[in-house]
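Residues per chain are reported as follows:
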Amino acid sequence: MGAVCATLLYQLFKEKSEGDLAKIKSVVVSEDILSGIALNLKIDGMLLLGKGEEKSGGRTKKAILADAMEALIGALYIDSGYKTAFDFVSRCIKPEIEKVTGTNYYKDYKSVLQEYCQQQFRCYPEYKMVKRTGPEHDRTFWMEVRIDDTVYGTGIGRNKKSAEQEAARAAYEQINAPDNQTGGYYEKD
């Protein structure tokens, strides 16, 4: 998947820097995008899951769907060769590349916030888990992002990664709010 995406990006955007292409590629081959493609292909209905995974909603878990998509591509490559796999992956991800390179694309707010912090504050944001609730198969995570010991955003998600992403989005949007008079942060109580 990654090799096909890199090839397509290089062909489509020769003028872009390697760093810009890497950012686009990281979004296009992300768990979110791959799981969406898997759902569009109705792979969720073809999965063989154990009783526990079935009960806990395994057919809709992004990680499982993304892994199944990668397994399908691997099987296609082994069975029919590189060209067939390349053509299949190209058909699946070209629309995603168009979305990502359009004006309203998903942003990796953790990366955006990190770049902003390095430019503005000469430091990295730090993520801390504030709380975790629920049984192991159905957890909810509360994360906060700090810059120089100041909380800039909080986020809630079904896993640490999505909660961190939400905290980073909240922080970045707050920092860049047009009516922001205080620098976009608040002190933790």
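This text gives an overview of the structure that appears in the document. (Residues numbered from 1 in each chain as written. Predicted model: local features only at pLDDT ≥ 70, side-chain atom pairs only at ≥ 80, totals over all residues. Heavy atoms only, no water.)

## As for the overall build of the chain
Then comes step 1: Within the chain one finds eight helices and three strands.
Then comes step 2: Start at the N end of the chain and walk to the C end: the helices and strands fall as α-α-α-α-α-α-α-β-β-β-α.
Then comes step 3: Considering only C-alpha atoms, the chain reaches an extent of 60 × 50 × 25 Å along its principal axes.
Then comes step 4: The 189 residues of the chain split such that 32% are buried.
Then comes step 5: For the chain, the accessible area works out to roughly 11900 Å², and carbon and sulfur atoms hold 50% of it.
Then comes step 6: Distance from the positive charge centre (27 side chains) to the negative charge centre (28 side chains) of the chain: 4 Å. (Helix = DSSP H or I, 4+ residues; strand = E, 2+ residues; numbered from the N terminus. Buried < 20%, exposed > 50% of the residue type's maximum accessible area, 1.4 Å probe, protein only. Areas by Shrake-Rupley, 256 points an atom, 1.4 Å probe, with all protein chains shown as cover. Lys, Arg positive; Asp, Glu negative; His and termini not counted. Charge placed at Lys NZ, Arg CZ, Asp CG, Glu CD.)

## Regarding the side chain of Glu 144
Then comes step 1: Looking at the element boundaries, Glu 144 is found in strand 2 (residues 140-147).
Then comes step 2: Judged by relative accessible area, Glu 144 falls into the buried class, the value being 3%.
Then comes step 3: Among the polar contacts listed, one links the side chain of Glu 144 to the side chain of Arg 146, at a separation of 2.9 Å. (Polar contact = N/O pair within 3.5 Å; in protein donor to acceptor, adjacent residues only side chain to side chain.)

## Section: the sheet that holds strand 3 (residues 150-157)
Then comes step 1: Here three strands make up an open sheet; going across it, the order is 1-2-3 and the pairing antiparallel. If you trace the sheet from one side to the other, it starts and ends with strand 1 (126-133) and strand 3, each paired once. Between one strand axis and the next, the sheet turns by 20 degrees as a mean value, whatever way the strands run.
Then comes step 2: Direction of pairing for strand 2 relative to strand 3: antiparallel, over a ladder of seven bridges. When the sheet's bridge partners are listed, Met 143 is paired in strand 3 with Gly 155. (Pairing = 2+ DSSP bridges. Axes fitted to C-alpha atoms, helices over the stretch in contact; angles between N-to-C directions.)

## Examining the pattern of salt bridges
Then comes step 1: Evaluation of the coordinates by the stated rule reveals 11 salt bridges.
Then comes step 2: In this structure, the salt-bridge partner of Asp 32 is Lys 62, at a minimum N-O distance of 2.9 Å. Residue Asp 32 is found in helix 3 (residues 31-40), and its partner Lys 62 is found in helix 5 (residues 62-80); the two are separated by 30 residues along the sequence.
Then comes step 3: Look at Lys 62 and you get partly exposed, because its relative accessible area is 42%.
Then comes step 4: Note that Arg 146 and Glu 144 form a salt bridge whose closest N and O atoms lie 2.9 Å from each other. For the pair formed by Arg 146 and Glu 144, the shared burial category is buried.
Then comes step 5: Residues joined by salt bridges that share partners form a network here, namely Glu 166, Arg 169 and Glu 173. (Salt bridge = Lys/Arg side-chain N within 4 Å of Asp/Glu carboxyl O.)

## As for unusual backbone geometry
Then comes step 1: The phi dihedral of Asp 148 falls on the positive side, at around 50 degrees, and the residue is not glycine.
Then comes step 2: Within the secondary structure, Asp 148 sits in the loop between strand 2 and strand 3.

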